[in-house]
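The lines below spell out each chain.
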Amino acid sequence: MTATSTTPGQAQGSGFEDVTRTDASLRRFLHGLPGVDQVGAESRAAGLGTRSIKTSAKAYAIDLAIRMVDLTTLEGQDTPGKVRALAAKAMRPDPADPTCPQVAAVCVYPDMVATVKETLGSSGVKVAAVATAFPSGRAALDIKLADTRDAVEAGADEIDMVIDRGAFLAGRYQQVFDEIVATKAACARPDGHDAHLKVIFETGELQTYDNVRRASWLAMMAGADFIKTSTGKVQPAATLPVTMVMLEAVRDFRDQTGTMVGVKPAGGIRTSKDAIKYLVMVNEVVGQDWLDPDWFRFGASTLLNDLLMQRTKMTTGRYSGPDYFTLD
Amino acid sequence: MAKTTSAAFEYAPAPESRSIVDIKPSYGLFVNGEFVDGHGAAFKTLSPAIEEVLAEIAEADQADVDAAVKAARKAYDKVWSRMPGRERAKYLYRIARIIQERARELAVLESLDNGKPIKESRDVDVPLVAAHFFYYAGWADKLEYAGRGADPQPLGVAGQVIPWNFPLLMLAWKIAPALACGNTVVLKPAETTPLTALLFAEICQQADLPPGVVNIITGAGATGQALVSHPGVDKVAFTGSTEVGKAIARAVAGTDKRVTLELGGKAANIVFDDAPIDQAVEGIVDGIFFNQGHVCCAGSRLLVQESVFEELLERLKRRMSTLRMGDPLDKNTDIGAINSAEQLHRIRELSEVGDAEGAERWAAACDLPAKGYWFPPTIFTGVSQAHRIAREEIFGPVLSVLTFRTPAEAVEKANNTPYGLSAGVWTDKGSRILSMADKLRAGVVWANTFNKFDPTSPFGGYKESGYGREGGRHGLEGYLK
Amino acid sequence: MSRIDVRKTYKLYIGGAFPRSESGYSYEVLDSKGKFVANASLASRKDARDAVGAARKAFGGWSGRTAYNRGQILYRIAEIMEDRRPQFVQAVVQSEGLSAARADKVVDEAIDRLVWYAGWADKVTQVLGNTNPVAGPYFNLSSPEPTGVVAVLAPQESSLLGLVSVVAPVVVTGNTVVVVSSYERPLPAVTFAEVLATSDVPGGVVNVLTGSAATVAPWLAAHMDVNAIDLVGVAGEPALATDLEVAAADNLKRVRRAPAAEPDWSAEPGLEPMTAFLETKTVWHPIGV
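Residues numbered from 1 in each chain as written. Chains lettered and ligands numbered in written order. Predicted model: local features only at pLDDT ≥ 70, side-chain atom pairs only at ≥ 80, totals over all residues.

(A) Just the interface of chain B and chain C, in detail. In this assembly, 23 residues from chain B lie in contact with 19 residues from chain C. Each residue belonging to the side of chain B that touches chain C can be placed in one class, and the counts come to ten nonpolar, six polar and seven charged. (Contact = placed C-beta atoms within 7 Å. Nonpolar A, V, L, I, M, F, W, Y, C, P; charged D, E, K, R; others polar.)

Pasting the structure below:
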């Protein structure tokens, strides 16, 4: 496989040119990263999950979480009507409350990008498209790149690509790296308004935290703007410890290169309580800089309504019910 | 400390309610199943976080100690030693269940009286207490399987003296195995933290434990001394300072009393360059700042391989600056109050010695509360084996950082202490863990973790960290003949 | 006019649910004096198959729990039994024809036996496991592990104490079980199943079949996904026991043999009821810098 528009090892002059030249050099680098002890990592993540976020902190966290949602529908049964409704909800999550912030983005398959874009107009809500033969990534590279270009041409602001997990698990790190570099190139626009690239690892298939840390570095060296846990189509999807390992990676990457990379847990985050745990983790593992929709996102669909219900509970003082929120 | 790093996502106060505990204005002694007046000079117990008097506590004098030992002897002779193990077991299970039922109350009371964060008393101390009673309940009817002979026998009356750092947990470590084996006890909690032991006395009443099987007497050093040197005591179990431990060993010389001592430590926490570094940082923090460092097995000497020293130190400092110090009852507090003015004084004094000896002190910026006893999490770098802060137990949130080059040097430095309670090893290499564990002269070796406790796991020290083991099958040895 | 009572339907217990036999068959259960008590479900070959499936599905989770947690759950069973003591006393009186006082003793023993085994959960490893001082630079540790799915033919005479005495030692170490109750005295087993269902025992860990061991046991003994079998329920039937042992040999099931007569269940059991269904795993690891 040869990348057409870029040369391997020339990702953004990141200083990793020697590392990213061959499978062997990549393996040496990635396997030289410090190990992750599963028990320790999970216990730290669980500990962060016990923080008690109340009153003003909770109100802050809920609004921030809403602003970080990539409101997602990735179903075979999606129609223009469905995604238009979703886009409308993204712009006005709670029609009864004008103070409710809008979400970060709407995430759809590439063929729905134009429809969503049209609905969103100049609202500021972004359009994200999953590409590269999502969710399995099992297609030839030129098809994955065409998939990406389609979405970019239709106006996608963000591309959520999947890595080739088979290649990664087989140790063909160079191939994974080159595909990311090539996809990044396909995100480019002549006017310089390139689509942002989110790289999905499908951590449920990578299985170990060591693999998650390695995949994080591989993607960041290849130029990922965001690293993302999961497609939502495989269990387990996002978990706190997996996200923590990725946060540690972006933190260490910035320490080493000065470049900031975003993180997006996706799939399985359904409640406000869960979302707040993630925000606590961002706050305490990487700090304030990442507590912003530009650097942290939630890939979710049902989460939004729970956030809205909690938000209403904070203002009315009583528990709400699903009948009072829109279904889309 | 967190204030400096999170201006926007500021956690609002999340205090656990005090209303669950009902602290009486004054407490007597628990002797023969009832609360009775003490005849010494009553003293006050404080909440160290706010210097507020919580209650007045009776002091047991010699006559009170006599009465308690007598009650324990009577209960031993007439009831407890004759009771079949499976019936004793059911009393202990009951106690374990009541502890689970009243867990939150015990946790709040512990945090109030001791100053430790509620997240620790709630998630660590109290669950371990219940688990300890469960575990030893199960042994009460299985003693013939303990590996101590076909028909092991209890010793008689146990005199037990416990410290203030884990008041209820140390009570459990003492009382559960003693009762399971058929002994009766007289226990003295520390004078700064008597309240949970007195609540435990109420739990014994709720469980209908026969009178005299458990007696709780309060007081300071003199009461403890009267207890351990009492001729009616068959077994002495002590957790506390090495100095007092030695005095007890002298006091029982020439008697038939059996003794177990769990004393001080100056544990080495050894980090190799191939360690899982983020977890190592957590382990270091947990090792020294858990319970404000009031832990005999605390990882108070950090030994770092030189090749990762800078990187580790930077990560450690960053992590320390996210620790939240303050109200022990706030659910988000990581570091609570120092238990007493006296202990705070000792921590300050030894830290000043560290400064004077040329070590470099670092603590994350933070505002200390105006009232109460507080000391911020602190590390000293540039420490060598010759420094007093590398040799003496500080018993506070103060970490001395040393470096090493080879495994042999790490072992040499780790063992170069009169203590031998615990040690930590951090490396991704399994065979090195086992090799280090082989060579470390310590009763507990944690690998890629630290400060882990379980009722099934024996705990206790080498050398001047004491003798005997608590926990596990081995913990039965101290209460059987 | 006197009130007409509402009678209980006695069903099987498989995978945490209470189905009737898939066969639709039931049989009459009589009390010790020959009077009709209830219709019990008559477990079939397919019920046995479903029960094994449920037990296998539950094995990973149950054996993966901490020993402490399993101990807590066994203790919880004892608590709930104590709470329903009158019901068990009545069931034992009815099934075994004992006086109320003797039945009361039997229930005491059954509850205390559960408590005894609850305590073993986190001790059996400490008593049976150990490090081995091999002659070389190796760490070497042996520890007991559950063997898997165990089929138990419960005793025919002792319908409660006997049942508890053969089920508790199997599950406390992390095995899951399919138990075939006493044929003529199945009702205490069903009531015990109802206790299990309300004692935090995960579905599938214990599956209770009422019916005939002679009918169901050959299928369990021959089942290739059953790891072990306890034949005490066919005590005194050497020909059947031998046939079952032969069938069990096909996948080398661990067999706890049928005694000539039912043992005295009031005696302390010792370790053997647990060790019969434990494997020993030994781990080697080098020691070096």
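Structure shown, so let's carry the discussion forward.
(B) A look at the UniProt feature "domain: Aldehyde dehydrogenase" (unreviewed entry) in chain C. The UniProt feature table records "domain: Aldehyde dehydrogenase" (unreviewed entry) at residues 32-255 of chain C. Measuring from the first to the last C-alpha atom of residues 32-255 of chain C gives 31 Å, for a span that is 53% helix and 16% strand. (UniProt positions renumbered as here; feature names shortened; annotations may be inferred. Helix = DSSP H or I, 4+ residues; strand = E, 2+ residues; numbered from the N terminus.)

(C) Seen up close, the arrangement of the chains. When the two pairs of chains in contact are ranked by number of contacts, first place goes to chains A and B. Spatially, chain A is disjoint from chain C: no contact exists, and the shortest C-alpha separation is 15 Å.

(D) Expanded view of the sheet that holds strand β11 (residues 268-271) of chain B. Residue and element names in this part refer to chain B. Read across the sheet, seven strands follow the order β13-β14-β15-β12-β11-β16-β17 without closing on themselves; strand pairing throughout is mixed. Every interior strand has two partners, whereas the edge strands, β13 (360-363) and β17 (444-447), have only one. Adjacent strand axes in the sheet meet at a mean angle of 20°, parallel and antiparallel pairs treated alike. As judged from the four bridges shared by β11 and strand β16 (residues 422-426), these two strands associate in the parallel manner. In the strand pairing of β16, Val271 is matched with Trp426. (Pairing = 2+ DSSP bridges. Axes fitted to C-alpha atoms, helices over the stretch in contact; angles between N-to-C directions.)

(E) Structural detail: the environment of Glu262 of chain C. Residue and element names in this part refer to chain C. Checked against the element boundaries, Glu262 lands in the loop between β9 (254-256) and α10 (272-275). When the C-alpha atoms of Glu262 and Gln156 are compared, they prove to be 8.2 Å apart, with 106 residues separating the residues in sequence. Once you skip the residues sitting within four places of it in the chain, Glu262 turns out to touch Pro155, Glu157, Ser158, Gly162 and Ala235.

(F) Region of the structure containing the confidence of the model for chain A. For chain A, per-residue confidence averages 94 on the pLDDT scale, and residues scoring 70 or more make up 96% of the total. Overall, residues 1-11 of chain A carries pLDDT values under 50, and its contacts beyond four positions in sequence, including any with other chains, amount to 27 contacts. (pLDDT = per-residue confidence, 0-100.)

(G) Spotlight on the environment of Ala298 of chain B. Structurally, Ala298 of chain B is set in the loop between α10 (277-289) and β12 (301-305). Every residue in contact with Ala298 of chain B, bar those within four places of it in the chain, is listed here: Ala267, Gly287, Ile288 and Gly293 of chain B.

(H) How the structure looks around the interface of chain B and chain A. Between chain B and chain A, the contact holds 22 residues from the first and 25 residues from the second. Sorting elements by how many residues they give to the side of chain B that touches chain A places α10 of chain B first, with five residues. Of the residues assigned to the side of chain B that touches chain A, the class counts are eight nonpolar, eight polar and six charged.

(I) Seen up close, the packing of helix α3 (residues 85-96) of chain C against helix α4 (residues 100-120) of chain C. Residues and elements named next belong to chain C. Direction vectors running N to C along α3 and α4 enclose 120°, while the axes themselves pass 9 Å from each other. Put simply, α3 runs oblique to α4. Note that α3 runs across α4; the crossing there is right-handed. Here Arg85, Phe88, Val89, Val92 and Val93 of α3 lie close against α4, whose contacting residues are Ala100, Ala103, Asp104, Val106 and Val107. For the contact of α3 with α4, a count of residues per class yields eight nonpolar, no polar and two charged. (Parallel < 35°, antiparallel > 145°, perpendicular 65-115°, else oblique. Left-handed = near helix turned anticlockwise from the far one by under 90°.)

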